[in-house]
Amino acid sequence: METTDTLIDSWLKKHESKIKEFKYTLHLISKSPLSMIGAFIIACFLLIAVFAPFLAPHDPYYQEMSARLEAPSFQHPLGTDDMGRDILSRIIYGSRISVLIGIIVVSIGAAIGIIVGAVSGYIGGAGDNILMRIADMFLSFPPLILAMAIAAALGPNLRNTIIAIALVRWPVYARLVRSQVLSIKNSQFIEAIRSMGGSDIRILFIHILPNCLSPIIVRATMDLGTVILAAAGLSFIGFGAQPPLPEWGAMVSDGRQYIVSEWWVAAFPGLAILFVVVGFNILGDGLRDVLDPRLRR
Amino acid sequence: MKVFLLKRLFYTVLMLIGISIITFTLSHVVPGDPVLTMLGGRGTDEQIEKMREDLGLNKPIHEQYFIYMKGLINFDLGESIRTKRDVTADLKNFFPATFELSTFAIILSIILGIPLGILSAVKKDSWLDQGARIFSLLGVSMPVFWLGLLLMALFYNHLHFLPSSGRIAMFIMPPRDITGLYLVDSLITGNFDAFWSSLQHIILPAFCLGYLSTAQIARMMRSSMLEVMNQDYIRSSYSFGLSEKLIIFKLAFKNAFIPTLTIIGLSYGSLLSGAVLTETIFSWPGIGRYVVESMLFLDFPAVMGVTLLIALVYSLANLFVDLLYGFFDPRIKYDEIN
Amino acid sequence: MKKILILLLLMSVFVFNTAFVGAAAIPDDVLVVADNFDAASLDPAVAYEFTSCNTIQNVYDNLFVIDEGEVVPHLAESYQISEDGLKWTIKLREDAEFASGNPINAEAVQFSLQRSMEMGKGPSWMLNEVMSPESITVVDEYTLEIGLKFPASYFASVLSNTCAGIVDPEVVMAHEEDGDWGEGWLNGQSGEAASGPYKLVTWNRGDSIVLERNENYWGEKPNFRQVIIKNVSESVTQKMMLENGDIDMAYKLTPDQLADLEANEDLNVIKGVDLRAYYLGMNVSKEPLNNLKVRQAIKHAIDYNAMIEHLVRGAGNKLEGAIVKPLLGYQEDMGVYEYNPEKAKQLLAEAGYPDGFDIELTGISSTMWKQVISSVQNDLSAVGINAEVRQLNAAAFYELFRNQQLELMLSGWGSDYPDPHNFIHPFGHSEGSLTQRVAYSSKELDDLIEEAAEINDPEKRKELYHKIDRMLAEEGPWAMLYQPQNIVVLRNEVKGYEYNPVRIFDFTSAYK
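Since we're looking at a predicted model, the values are computed, not measured. (Residues numbered from 1 in each chain as written. Chains lettered and ligands numbered in written order. Predicted model: local features only at pLDDT ≥ 70, side-chain atom pairs only at ≥ 80, totals over all residues. Heavy atoms only, no water.)

### So, the overall build of chain A
Here is the rule: Here a helix means four or more residues in a row that DSSP labels H or I, a strand means two or more in a row labelled E, and each is numbered from the N terminus. Remark: exposure states derive from per-residue accessible area (1.4 Å probe, protein chains only) relative to the maximum for the residue type, with buried under 20%, exposed over 50%, and partly exposed in between.
Looking only at helices and strands, chain A features 13 helices and zero strands. Element order for chain A, N to C, with α for helix and β for strand: α-α-α-α-α-α-α-α-α-α-α-α-α. With the C-alpha coordinates aligned to their principal axes, the bounding extent of chain A is approximately 75 × 50 × 40 Å. Taking all 297 residues of chain A together, the buried fraction comes to 55%.

Laid out in C-alpha cells, this is it:
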C-alpha cells in the first residue's frame, strides 16, 4: 500500500507543474459559458447514444406499412417515415452511428496526420517537401468527390464512408502538427535536450508532440462536426450508410420527396444533425479560447 | 516572383498527375461494368464484348492510363460512357453553370461575411455581435442539403418568392452563349429579362451553397479584427485622435483581411465540390450533378474530367489568393515562400 | 458602415420583390412537361433510356406503331407475310416526307434499319435477334422485303421500337464524322432528319429538350407548335411547379403525392398501366434457393397486397405471372401463390429450414427501390428469413447479376416492344436475359416459349402463354411483386391528351 502511495506521490511531484496547468485549464473551461453549453449538448448527445435502447419508444427498424408518413402524434412524437417507422426512435439510434463515424474518422485522421506532420516537420528538407506535397494533393482533391469515388470503389457502407472521410481529413492535421513542430523544434528548450544527447524519436514524441496537443484537441473537436456533416452528405446522395440503418443524412434523403407535405420526415433528422454539429462547434470555439495561449490573458 | 510562379505551376502539374493516378486507379478497381448499365441487363455476349472493345475497356489498366494521359496532353479527356460524347464537350456544357453558381456564391459570402465580421468585431458583445455570431455558428453547422430543402419549401412553395430549379425561366431564351455564364452574357447582350430571371434563379442555390463560406468568412474576419485591434499600434492610433473610421478601414481592416483572404481561397475550392449537393437539390445543370450521375454509372472518363478540372480551379484560386497577399501586404516577398 | 447596410437591405428588397418573373404564363401553343432525365442519346439507333426513347418517338416515325394495344401499320401501308413466316413484304405509304423534304422511301427505311444494326449500340440486339442487315432488300421505290432468321410472329411489334425509327439518310450521312453514322449530329440541332410529328430543335444536356412541330409530317399535325421537356429530378419540385403552373405536365411524381394531387382541382391525374414488372429473383445456383420448396416459401412470404395498397397507394397491379397487363396472355387472378406466412413457414420447415436462414438481398440504389427492398426484407424476416440488404449502383448490380453472383435480387423489367414474348422469353427461357442470370433452365419451358413465338393465331398463342406463365409461377425463380402504374399529371388547361402506355410522350391530340 505504502509503495503505491509513494509511487503516486512521486509521480504527482514529478508532474506537479503539468497537473497544475491541467487543473487551471479545467477551471478556465468551466468558467467559459460557451464551452459549457457545447459540452452540455455533446454530453446529452453521448448519453442518448449510450442509452438508446432505453430511451427509444419503439424499435427503430419496425415497419408498419399501414402507418406510413403519419404526422407527429402522442404515439409517434416525431411522426413516422416512409416505411412506417418511428422517427424519434430512429433519430435516437442514429446518434450511435454519428458518434461512431465522428470518433473513428477523427482518430484515424488525427493519427495519420500527427505522424506525417511530426515526421515531416522534424526531418525537414526533401522528405518534408514530398510529404507536404502529398498532403496538398489530398487537400486540393474535391473532398466530396474523392469520398464518393472511394465509396463507389469499395462499395457503399459505413466502414467505407469512414475510410473515405478519414483519407480526406488527415492532411489538415498533418499541416497543423508540422507547423507546431517547426515552431518548437528550434526552441532553446529542445536545443538543450538535444545537447544532452536525447534521441530524435524521444525528442519528437516525449518533448515536442505533447506541446502540440492543445491545437490538435481544438481542431479535432471542431472537426467532429465537420466529419458528421460530411458523412451525412455522403449518405444523402446515396454513397454512405445503407438502408435500413437510421443514419441521419440518409433519413433526410428519404424525406426529401416529402419536404412540402410530410415535412417531419426530413426536418427532424436534419435538426438533429444541426444540433450536434452546433454542439461540437461551440465546444471547439470555447476550447480554443481557453487553450490558445495567445488568447489566454 | 517569376521563380515563385514557375514553382507553383510545376507543383500544380505534379499534383494533377497524382490526382489523375488516384482517381484512375479508384475508378478501375470499382466492381461493376458500365457497358452492362448501358444495356440494363439486356444484350448478347458478342454485343457486350464489342461495346467493351469500342470503349477500350478490355486493355490492361496501365495501358488505359497511358492512353488517357496521351489524350490529356492534347486536352482530350476521352469520351463519356454515359452521355456518349467528349468529356471536354460535357464539361464545356456543365462547368459554366457551376462556375457561375460558385462564383456568385463566393461574392455573396464576401459581401455578407466581411461587413458582418467587421461589425461584429467593432461592436463586440453587442446584440448585433451576438446575432452575427449565432448566424455564423448556424452557417458552419448547417447540413447544406437540409438547408436547401427548407429554403425551397419556404421561398418557393409557401411564399412564391423565388423559383426553385434551373438557371432561367423556361420561356426566356438563355442569352447568347459568350462566356456560358447567364448573368454575364445577358448583361453583355443587354438582355435584361434574361438577367433578372437568371438572378432570381441563382439566389436560393447560391445562398444555400454560400452560407457556409459566409459564416467562415465572418468568423475569421471577426477574430482577426479583434486581434488586430488589440495591438499596440491601433491603440496608439486612437490616442493620437485618428477617426474611428480611418482606423478601422485603413489600418485594422487591411491587416485583418489577410487571414480572411486565405479562408476565401480555401472556401472557393470547397464551394466547387459542395455544389454536388446543392445542384442535386435545385436541379442546377452543373458539373456537380453531372459527376454524381457519372459516378453511379461508373463513367470514369467523366469522373476523371470533373475531378481534374475542380482540382485545377482550386489550385488556381489559391495561387490567385497568394498573389493578392502581396497587394494587401507589400512586405511579402514571393521568392521566399515555399 | 450604415450606408453599406442600407444598400444591402435595399438590394435584397429589390431582388425579392420584383415579381417573380419565372411564373410568366405558358403560351397556348407551347407545352411544357417535366421528367427526370436519363437521356444519354437522342439518336434512335443508340437511345435506350426512358426519357430519350419517349422523346424521339415523336421525332422518328416507325413502320408500325402501337395503338390501343394493337400493332398497326403506320409508315407501312400494308404488309404480307410468306407462308413459312420467314419473309415480310412491306409496302410504304407514298405521301410521307422527311422534314428536309426528301421522300421517305424504301431506301430510307433500309438505311435506318441497317444503320441501327451495324452500329450495334444498346437497343440493336432486338433487331439483330430476328434479322440481319443483308436480309433487307429494296424491291421498288416504296416496297421492301425483309427476311427473318426464324418466323417471329411479333416482328411488327419489334419494328415499333425507337431503334427502328426512320431517319433521313441523306442529311444524316452528310453530317457524318469519323464514321459515327451521324450520331453526333443527331444529338443536336437535327430537325432536318425528322420523320415524325415533331423535330428536335435543341437539347440542353441535363436541362431541357425542345421539339418543334414538323410541318412536313404526313399524318395528323400536332396542336402544339413547341414542346419543352424539362429536367426536374426531384418529384417534390415537379409537384410544386405543377401546382404553381410553371409546367403543364409532370411524369415523375410518386404514389405518395397522389392524395394531394387528386385533391387539387386544377390538376388531372392519370394512372395508366406501365408495361413493367417488378420482381424478386432467386438464384437457383445458390443454396438454399435451389430447393423448390424454399422458393415457394419465399413467394408465399411476401405481402403483395400491402405493398400495392400502402407502399404505392394503389398505383400498381397484382402480378403473378411474367406477362403484364394488357398484353396478350395476361391473367388477372392466377391463384398460384398469395401472401400466406403460415404456409411459408410450413414450406420452410418441410424444406429443412424450420428456423429460416441468412441470405443477401440486393437491389439498385434509389429511393423507390429502397422502399420496395425494405418492405420485402421486413416480410422475409417475419417468416424467419434474415435478409441482409445491399443497394448497389446500377453498374455494380448488373455486373454481379450477369455473373450469377447475386442471391436474392430486386429489380424491374420494362418492355422493349409490347409483346408477351418480350416478357416470357427473358423470364422463362433458359437463354433469356434474366433467366440465365439466376441459372434457371427448363427444357420444357424453352420448347413451349419457342413454339409460342412463332404462332400467328392470337387465341392459340394466348392459351399457350397461359400455360407457360402458370408453370413459371409454380416452379420458376421469380416472385413477381407487382406491375407499377405510370402517374401522369396534367394541368386542366391541357385537354385531349390520351395515355398510351408505349407512347407516353404522345402529345399529338393534346391542346390548350
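Moving on from the coordinates now.
### Some remarks on a nonpolar patch on the surface
All names here are of chain A. Short version of the rule: Residues form patches when they are more than 30% accessible in relative terms and have no salt bridge. Like charges link within 9 Å. Nonpolar side chains (Val, Leu, Ile, Met, Phe, Trp, Tyr) link within 5 Å. Using the Shrake-Rupley algorithm and a 1.4 Å probe, accessible areas are obtained, with residue cover drawn only from the displayed protein chains. By salt bridge we mean one thing: a side-chain nitrogen of Lys or Arg within 4 Å of a carboxyl oxygen of Asp or Glu.
A surface patch of nonpolar side chains, amounting to about 610 Å² of accessible area, comprises Leu47, Ile48, Val50, Phe51, Phe54 and Leu55. Among the elements of the structure, helix H3 (33–50) and helix H4 (52–55) are those that each provide at least two residues to the nonpolar patch. Of all the elements, H3 adds the most residues to the nonpolar patch, at three residues. Residue position: Leu55 is located in helix H4. With relative accessibility at 45%, the residue Leu55 sits in the partly exposed group.

### Quick word on the nonpolar core
Filter applied, for reference: Nonpolar cores were defined as sets of buried Ala, Val, Leu, Ile, Met, Phe, Trp, Tyr and Cys residues, with membership established by side-chain atoms within 4.5 Å. Each domain's extent was defined by an automatic or database domain assignment. Residues are treated as being in contact if the distance between any of their heavy atoms lies within 4.5 Å.
Counting 196 residues, the largest nonpolar core has Met148, Ile208 and Phe239 of chain A together with Phe145 and Met225 of chain B as the members making the most contacts within it. Element by element, the count of residues in this core is highest for helix H11 (residues 244–281) of chain B, at 17 residues. Residues lining this core come from more than one domain, with at least three contributed by each of domain 1 (2–73) and domain 2 (94–333) of chain B. Among all residues touching Phe145 of chain B, those that are not within four sequence positions of it are Ala232, Gly233, Phe236, Gly249, Val252 and Ile273 of chain A together with Leu277 and Ile281 of chain B. Membership of the second largest hydrophobic core comes to 92 residues, among which are Leu289, Ala322, Ile385 and Tyr465 of chain C.

### As for the pattern of salt bridges
Oppositely charged side chains can pair when the atoms bearing their charge come close. A complete count under the given rule lists 42 salt bridges over all chains for this structure. Among the salt bridges present, the one from Arg313 of chain C reaches Asp256 of chain C, with a minimum N-O distance of 2.8 Å. Taken as a pair, Arg313 of chain C in the loop between helix H11 (304–311) and strand S14 (316–318) and Asp256 of chain C in the loop between strand S11 (249–250) and helix H9 (258–263) lie far apart in primary sequence, 57 residues in all. Linking Lys443 of chain C and Asp447 of chain C is a salt bridge whose minimum nitrogen-to-oxygen distance equals 2.9 Å. Of this pair, Lys443 of chain C and Asp447 of chain C are both found in helix H16 (residues 443–453), four residues apart, which corresponds to roughly one turn of the helix. Taken together, the salt bridges that share partners define one network made up of Arg68 of chain A together with Asp256 and Arg313 of chain C.

### Regarding the confidence of the model for chain A
If pLDDT is low for a region, its predicted coordinates should not be looked at in detail. Basically, it comes down to this: The pLDDT value expresses, per residue, how confident the predictor is, ranging between 0 and 100.
Scored by pLDDT, chain A comes out at a mean of 85, with 97% of its residues at no less than 70. Per-element mean pLDDT across chain A ranges from 75 in helix H1 (residues 2–14) of chain A up to 94 in H4 of chain A.

### As for the interface of chain C and chain B
We apply this condition: Reported buried area values correspond to the accessible surface (1.4 Å probe) lost by two parts on association, with both partners' losses combined. Pairing of N or O atoms within 3.5 Å defines a polar contact, subject to two protein rules: one partner must be a possible hydrogen donor and the other a possible acceptor, and residues neighboring in sequence count only if both atoms are side-chain atoms. Amino acids outside the nonpolar list (Ala, Val, Leu, Ile, Met, Phe, Trp, Tyr, Cys, Pro) and the charged list (Asp, Glu, Lys, Arg) are all regarded as polar, and Gly is one of them.
Listed per partner, the contact involves 60 residues of chain C and 57 residues of chain B. Taken over both partners, the interface formed by chain C and chain B buries close to 4900 Å², and the fraction arising from carbon and sulfur atoms is 63%. At the boundary of chain C with chain B, the tally comes to zero salt bridges. Along the contact surface separating chain C from chain B lie one residue pair in polar contact (both at pLDDT 80 or more). Breaking the side of chain C that touches chain B down by element, the ones donating at least two residues are helix H1 (2–17), strand S1 (30–35), strand S10 (226–231), helix H8 (235–244), helix H14 (394–402) and strand S17 (408–414) of chain C. Classifying every residue of the side of chain C that touches chain B by side-chain character gives 31 nonpolar, 16 polar and 13 charged.

### Some details on the packing of helix H2 (residues 16–31) of chain A against helix H13 (residues 264–291) of chain A
All names here are of chain A. How we decide: Angles shown run from 0 to 180 degrees and are taken between the N-to-C directions of axes, each axis being a line fitted to C-alpha atoms and, for helices, limited to the stretch in contact. Between 65 and 115 degrees an angle is taken as roughly perpendicular, under 35 as roughly parallel, over 145 as roughly antiparallel, and anywhere else as oblique. Take the far helix as the reference: if the near one is turned anticlockwise from it by less than a right angle, the crossing is left-handed, and if turned clockwise, right-handed.
Closest axis-to-axis distance for the H2/H13 pair is 10 Å, and the angle between their directions is 135 degrees. Here H2 is positioned oblique relative to H13, judged by the angle of their axes. Crossing hand, H2 versus H13: right-handed. Facing H2, whose interface residues are Thr25, Leu28 and Ile29, H13 presents Leu287, Val290 and Leu291. Considered class by class, the residues forming the contact of H2 with H13 number five nonpolar, one polar and no charged.

### Remarks on the pairing of strand S15 (residues 358–364) of chain C
Residue and element names in this part refer to chain C. Spelled out, the test is: By the convention used here, strands pair only if DSSP detects at least 2 bridges between them. The crossover handedness rule: strands pointing away from the viewer, path from first strand over the helix to second strand clockwise, crossover right-handed.
Along S15, five of the seven residues are buried, which leaves the element largely enclosed by surrounding structure. Direction of pairing for S15 relative to strand S16 (residues 386–392): parallel, over a ladder of seven bridges. Bridge assignment links Glu360 to a residue of S16, and that residue is Glu388. For the crossover that starts at S15, traverses helix H13 (residues 367–382) and ends in the parallel S16, the hand is right-handed. Here S15 pairs with S17 via two bridges, running parallel. If you follow Thr362 over to S17, its bridge partner there is Met409.

### Brief notes about the environment of Leu137 of chain B
When you line up the elements, Leu137 of chain B lands in helix H6 (residues 127–141). Looking at Leu137 of chain B, the relative accessible area reads 14%, which means it is buried. Taking the C-alpha atoms as reference points, Leu137 of chain B and Ala218 of chain B, separated by 81 residues in sequence, lie 9.9 Å from one another. Sequence-distant contacts of Leu137 of chain B, that is, excluding residues within four places in its chain, are made with Val278, Asn281 and Ile282 of chain A together with Arg219 of chain B.

### A closer look at the packing of aromatic side chains
So the rule is basically this: Aromatic pairing here means that ring centres of Phe, Tyr or Trp (its six-membered ring) are within 6.5 Å. Orientation follows from the plane angle: under 30 degrees is stacked, over 60 is edge-to-face, and everything else is tilted.
Applying the stated criterion to the full structure yields 38 aromatic pairs over all chains. Between Trp263 of chain A and Phe268 of chain A the ring centres are 5.7 Å apart and the planes differ by 55 degrees, which places this aromatic pair in the tilted class. Seen in terms of ring centroids, Tyr279 of chain C and Trp478 of chain C are 5.1 Å apart; in terms of plane orientation they differ by 75 degrees. Their pairing is edge-to-face. Taken together, the residues span a long stretch of sequence, with Tyr279 of chain C in strand S13 (residues 276–282) and Trp478 of chain C in strand S18 (residues 478–491) at a distance of 199 residues. Judged by its relative accessible area of 1%, Tyr279 of chain C falls in the buried class. Trp478 of chain C gets classed as buried once you look at its relative accessible area, which sits at 3%.

### Here we look at the interface of chain A and chain C
In this complex, chain A contributes 19 residues to the contact, which on the side of chain C involves 20 residues. Carbon and sulfur atoms make up 49% of the area that chain A and chain C hide from each other, which totals about 1900 Å². It is Met65, Arg68 and Gln257 of chain A that lose the most area in chain A upon contact with chain C, and together they represent 31% of the buried surface on that side. Linking chain A with chain C are four salt bridges. Measuring nitrogen to oxygen at the nearest pair gives 2.8 Å for the salt bridge that ties Arg68 of chain A to Asp256 of chain C. For the interface between chain A and chain C, the tally reads twelve residue pairs in polar contact (both at pLDDT 80 or more). In the side of chain A that touches chain C, the residues fall into nine nonpolar, five polar and five charged.

### Quick notes on unusual backbone geometry
Residue Pro288 of chain C is bonded to the preceding Glu287 of chain C through a cis peptide linkage, with omega at -10 degrees. Relative to the helices and strands, Pro288 of chain C resides in the loop between S13 and helix H10 (292–301). Residue Pro326 of chain C is reached from Lys325 of chain C by a cis peptide bond, and omega for that bond is 0 degrees. In this fold, Pro326 of chain C is placed in the loop between S14 and helix H12 (341–350). Residue Leu69 of chain A is not a glycine yet carries a positive backbone phi of 55 degrees. In this structure, Phe75 of chain B takes a positive phi of about 60 degrees despite not being glycine. Inspection of the secondary structure puts Phe75 of chain B in the loop between helix H4 (61–73) and helix H5 (87–122). For Phe75 of chain B, a relative accessible area of 71% gives the class exposed.

### A word on the environment of Met225 of chain B
All names here are of chain B. Position of Met225 among the secondary structure elements: in helix H9 (residues 192–229). On the basis of relative accessibility, which here comes to 0%, the residue Met225 falls in the buried class. The spatial distance from the C-alpha of Met225 to the C-alpha of Leu119 is 9.7 Å, given a sequence separation of 106 residues. Residues in contact with Met225, not counting those within four places in the same chain, are Ile118, Ala121, Ile248, Ala252, Phe253 and Ala256.

### Here we look at a negative patch on the surface
Residue and element names in this part refer to chain C. This is how the line gets drawn: A positive count includes Lys and Arg, and a negative count includes Asp and Glu. His and the chain ends are not counted in either. A charge is said to be at NZ when it belongs to Lys, at CZ for Arg, at CG for Asp and at CD for Glu.
A contiguous patch of negative charge, built from Asp67, Glu68, Glu70, Glu220 and Glu498, is present on the exposed surface. Locating Glu498 in the fold gives a position in the segment after S18. You can call Glu498 exposed: its relative accessible area is 54%.

### Quick notes on H5 of chain B
As a reminder of what qualifies: The length a helix should cover is 1.5 Å for every residue beyond the first. To get the bend at any residue, fit one axis to the seven residues that end at it and another to the seven that begin at it, then take the angle between the two axes.
The terminal C-alpha atoms of H5 of chain B lie 50 Å apart, and with 36 residues this matches the ideal 52 Å at 1.5 Å per residue to within 8%. The largest bend in H5 of chain B amounts to roughly 35 degrees and is located at Phe94 of chain B, with the proline Pro96 of chain B lying one to four residues further along.

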